[in-house]
Amino acid sequence: MKIIVCVKQVPNTNEIKINPETGTLIRDGVESILNHDDANALEEALKIKDRDPKTEVIVLTMGPPQAREMLEECIAMGADEAVLLSDRALGGSDTWATSNALAAGIRKIGNYDLIFAGRQAIDGDTAQVGPQIAEKLGIPQITYVREFQMEGKRITVQRALEDGYQVLKTTMPCVLTCIKELNTPRYMSIRGILKGAAAEIKVWSAEDIGVNEELVGLKASPTNVYRSFTPKPKGKGVSVKGDTAKELAGNLLAELKEKHII
Amino acid sequence: MANFAEYKDVWVFTEQRQGKLMNVARQLLGEGYRLSREISKDTRVCAVLAGDGVDHLVDELYAYGADVVYQIDHFLLKEYTTDAYAKAMTDAIRTYKPEIVLFGATFIGRDLAPRIAARLDTGLTADCTRLDINTANYVEYLKTYTTASTDGISGRNDDNGLKQTRPAFGGNLMATIVTPNTRPQMATVRPGVMDPREKKQGARGQLIRVCAQLSADDIHVEVVEVVKAAKELVSLTDADIICSGGRGLGSAEGFRLMEEFAAKVGGVVGASRAAVDSGWIDQSHQVGQTGTTVKPKIYFACGISGAIQHQAGMKGSDVIVAVNKDPQAPMMQIADYAICGDLKKVVPEIIAQWDAES
């Protein structure tokens, strides 16, 4: 059985700071990490491999050359192989163009049974690439997977909803996007880290996967960023006066009442 | 490039579950109504209602502003499946050619919209929090609320394209996205952000019944069952008052105080990610970038430092009251009323005095 896991290297958004003068992101020194939901996707594939060691787990990403570090981490966790789609021609791709590239990479890998991906990446939060890969490959998708079971080629999953979940059945191949409730990702092992450092990571160009400027890159993308900016900080509020908790609460309620808020 | 002149009207996917309209559907009809009038006098806002036996919802859609209802009724649309809904919607979009299609950014909308956009080879913008047609209004927004430069944007309203504004990088950055070369322009919109129109009982519109070409062979995923969570659904998005707690509560016990607070003021309990991750309260209470976006009349932030991801989900509140020991906490900076003190003393006092004051 062959499983492809789509992953993304993202800046750790918890660490991101804004330059208050220019209103731009300060990226210097911000750590790059394996996207959280993608770690859950990889874990689920590795659990299948734990049960059946003949399973082949291949991680696939699109990104700049430094995404190699994240792929080495994935191998250190237990993936067998890693593929990096990296080419200037792929730069500036929106979700539509990104899914064209990833779908082309998946077709080149070929003979897959399952594709796991994270629900969404913490930099863009779109949750669009998983479903769009499924559409480009012409196979079913199940998003927000919180529980996964497999019997032969039949799979049964719980798909989260805001107020509960659906129990869904489908057959392979299909695309599954994973949420953190699904599992707890494992740590890298020492042996894995050595394996990761020594691993040969395949780097494929746009030409290698057979996509051109009509399918990938900034110009092919149907959406464009028109403006990007930071919200202005709100005007200073009122510091409620009072020496005791009783006074503080009383003064707050008096203020709220005066302004007809309550 | 698509022939833009062929594409008309603003469509709203009015999501229903078990025959009940989702709140976000009403909100999007309100927003779609506004956008349609900005585009031109003869542009209409149209509800697209898909399901099995959903006649009873048509009048409600008119009442919330729909000029037209496209009703796609089919027994294979009873339960949501990506395959059936994507096919029905894509076929309808190809036939009627709307200029804009809006979806609620629900767990279903975010599953369906990308699949349709990929099939139509058009652009989709996720989780929008603001939509503009009118360029002058958009420029005004940028000047008033953001640090963006308005250089190079003419104030004239000569561009009828949809400007779709959304948070990225956990709310640290905002971006406005456009779809210049393809139609329709598609967006998912965060629940709780847009305002519904006032309900007009007895309003009438035009009903167009769409015959979906669906067969069981189109559906590759079988819905075995739909399980409602046993826990009560926390309706944070509808709450007028939210009493939210964070790390400063110190323990799961701390949320008992928040429950008492919410019960007294007629509010709902919210939580920061830190409190949820500590296991003090269920994730359904989480407010923020990865939780729910809320817009209550009053947001009480008790012991919440105010990480940017949390702010992303509650900044739109009419009035923010922060209670925190640390006067430097970011939440204290964005609060309309900041109380520097021990929440375990201040909150019981607010509870005690609430009746006397209101």
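Keep in mind that what you see is a predicted model, and the values were worked out from it rather than measured. (Residues numbered from 1 in each chain as written. Chains lettered and ligands numbered in written order. Predicted model: local features only at pLDDT ≥ 70, side-chain atom pairs only at ≥ 80, totals over all residues.)

Peer 1: Lay out the overall build of chain A with the relevant residues and their values.
Peer 2: Scanning chain A from terminus to terminus reveals six helices and 15 strands. Its C-alpha atoms give chain A principal-axis dimensions of about 70 × 40 × 40 Å. Residues counted as buried form 49% of the 262 residues belonging to chain A. (Helix = DSSP H or I, 4+ residues; strand = E, 2+ residues; numbered from the N terminus. Buried ≥ 20, exposed ≤ 12 C-beta atoms within 10 Å, placed from the backbone.)

Peer 1: For the overall build of chain B, give the residues involved together with the corresponding values.
Peer 2: Secondary structure summary: chain B contains ten helices and 18 strands in total. Taken against the 2.2 N^0.38 rule, which gives 21 Å for 358 residues, the C-alpha radius of gyration of chain B at 22 Å falls within 12% of a compact globule. Considering only C-alpha atoms, chain B reaches an extent of 60 × 55 × 40 Å along its principal axes. By the burial criterion, 54% of the 358 residues in chain B qualify as buried. Considering only residue pairs separated by 6 or more positions, chain B has 67% of its internal contacts joining residues 24 or more positions apart. (Rg over C-alpha atoms; globule rule 2.2 N^0.38 Å. Contact = placed C-beta atoms within 7 Å.)

Peer 1: How would you explain the sheet that holds strand β8 (residues 130-132) of chain B if you had to name every residue and give the values?
Peer 2: The four strands lie next to each other as β14(A)-β10(B)-β9(B)-β8(B), forming an open sheet whose pairing is antiparallel. Single-partner strands in this sheet number two, and they are β14 (224-229) of chain A together with β8 of chain B. The sheet shows a mean angle of 25 degrees between the axes of neighbouring strands, direction not considered. Here β14(A) runs beside strand β10 (residues 173-178) of chain B; their pairing, made up of five bridges, is antiparallel. Each bridged residue has a counterpart across the sheet, and for Asn224(A) the counterpart in β10(B) is Val178(B). (Pairing = 2+ DSSP bridges. Axes fitted to C-alpha atoms, helices over the stretch in contact; angles between N-to-C directions.)

Peer 1: For the packing of helix α3 (residues 82-96) of chain B against helix α4 (residues 109-120) of chain B, give the residues involved together with the corresponding values.
Peer 2: Residue and element names in this part refer to chain B. Direction vectors running N to C along α3 and α4 enclose 50 degrees, while the axes themselves pass 9 Å from each other. Relative to α4, the element α3 is oriented oblique. Handedness of the crossing formed by α3 with α4: right-handed. Facing Thr82, Tyr85, Ala86, Met89, Thr90 and Ile93 of α3, the residues of α4 in contact are Asp111, Leu112, Arg115, Ile116, Arg119 and Leu120. Residue composition of the contact of α3 with α4, by class: seven nonpolar, two polar and three charged. (Parallel < 35°, antiparallel > 145°, perpendicular 65-115°, else oblique. Left-handed = near helix turned anticlockwise from the far one by under 90°. Nonpolar A, V, L, I, M, F, W, Y, C, P; charged D, E, K, R; others polar.)

Peer 1: Tell me about the domain arrangement of chain A, residues and numbers included.
Peer 2: Splitting chain A by domain gives domain 1 (2-204) and domain 2 (232-262). Computed from C-alpha coordinates alone, the two centres of domain 1 of chain A and domain 2 of chain A are separated by 47 Å. (Domains from an automatic or database assignment.)

Peer 1: Explain the nonpolar core to me, using residue names and the numbers behind them.
Peer 2: Ranked by internal contacts, the top residues of the largest apolar core, which has 133 residues, are Val5(A), Leu42(A), Cys74(A) and Val48(B). Grouped together as the second largest cluster of nonpolar side chains are 48 residues, Met258(B), Ala271(B), Phe300(B) and Met314(B) included. (Core = buried A, V, L, I, M, F, W, Y, C linked by C-beta atoms within 7 Å.)

Peer 1: Please give an account of the domain arrangement of chain B that cites residues and values.
Peer 2: Residues and elements named next belong to chain B. When the domains of chain B are assigned, the result is domain 1 (4-218) and domain 2 (236-357). Each of domain 1 and domain 2 has a C-alpha centre, and these two points are 32 Å apart. Listed by partner, the interface residues are nine residues for domain 1 and twelve residues for domain 2. The residue makeup of the side of domain 1 that touches domain 2, split by class, is three nonpolar, five polar and one charged.

Peer 1: Break down the sheet that holds strand β9 (residues 141-151) of chain A for me, citing the residues and quoting the values.
Peer 2: Pairing within the open sheet is mixed, and its ten strands lie in the order β13(A)-β7(A)-β6(A)-β1(A)-β8(A)-β12(A)-β9(A)-β10(A)-β11(A)-β13(B). Each of the sheet's edge strands pairs with one partner strand only, and the pair in question is β13 (202-204) of chain A together with β13 (222-228) of chain B. Ignoring strand direction, the axes of neighbouring strands in this sheet form an average angle of 30 degrees. Here strand β1 (residues 2-6) of chain A runs beside strand β8 (residues 114-118) of chain A; their pairing, made up of four bridges, is parallel. Across the sheet, the residue bridging to Cys6(A) is Ala117(A), located in β8(A).

Peer 1: Which residues make up the pairing of strand β6 (residues 56-62) of chain A, and what values do they have?
Peer 2: Residue and element names in this part refer to chain A. When you tally the buried positions in β6, you get six out of seven residues, the bulk of the element. In this sheet, β6 lies alongside β1 in parallel orientation, the contact comprising five bridges. For Ile4, the partnering residue across the bridge sits in β6 and is Ile58. In the sheet, β6 pairs with strand β7 (residues 81-85) via five bridges, with the strands oriented parallel. Paired with Met62 across the two strands is Leu85, which belongs to β7. Handedness of the crossover joining β6 and β7 through helix α2 (residues 68-77) is recorded here as right-handed. (Right-handed = clockwise from strand over helix to strand, strands pointing away.)

Peer 1: Quick one: what's the story with the environment of Leu248(A), residue by residue and with numbers?
Peer 2: Of note, Leu248(A) is situated in helix α6 (residues 245-258). Look at Leu248(A) and you get buried, because 22 C-beta atoms sit within 10 Å. Residues within four places of Leu248(A) in sequence aside, it is in contact with Val240(A), Gly242(A), Ile339(B), Gly341(B) and Val346(B).

Peer 1: Talk me through the interface of chain A and chain B; I want residue IDs and the actual numbers.
Peer 2: One frequently used descriptor of interface size is the decrease in accessible area upon assembly of the parts. Taken together, the 64 residues of chain A in the interface contact 68 residues of chain B. Put simply, the parts of the chain that give the side of chain A that touches chain B at least two residues each are α3 (95-109), α4 (129-137), β9, β10 (154-161), β11 (164-171), β14, β15 (238-239) and α6 of chain A. Looking at which element gives the most residues to the side of chain A that touches chain B, the answer is α6(A), with ten residues. Here six bridges tie β11(A) to β13(B), and the two strands are oriented antiparallel to one another. The residue bridging Lys169(A) from the neighbouring strand is Glu222(B), located in β13(B).

Peer 1: How would you explain the packing of α4(A) against α4(B) if you had to name every residue and give the values?
Peer 2: Direction vectors running N to C along α4(A) and α4(B) enclose 40 degrees, while the axes themselves pass 8 Å from each other. On the basis of their axis angle, the class for α4(A) and α4(B) is oblique. For the pair α4(A) and α4(B), the sense of crossing is right-handed. Of the residues in α4(B), those touching α4(A) at Pro131(A), Gln132(A), Glu135(A) and Lys136(A) are Asp111(B), Pro114(B), Arg115(B), Ala118(B) and Arg119(B).

Peer 1: Would you mind going over helix α6 (residues 254-265) of chain B in detail, with residue names and values included?
Peer 2: At 3.6 residues per turn, the α-helix brings residues three or four places apart onto the same side. Counted at 1.5 Å a residue, the expected span for α6(B) with its twelve residues is 16 Å, and the 17 Å between its end C-alpha atoms agrees. Looking one or two residues past α6(B), Gly266(B) carries a phi angle of roughly 70 degrees, positive in sign. (Expected span 1.5 Å × (residues − 1).)

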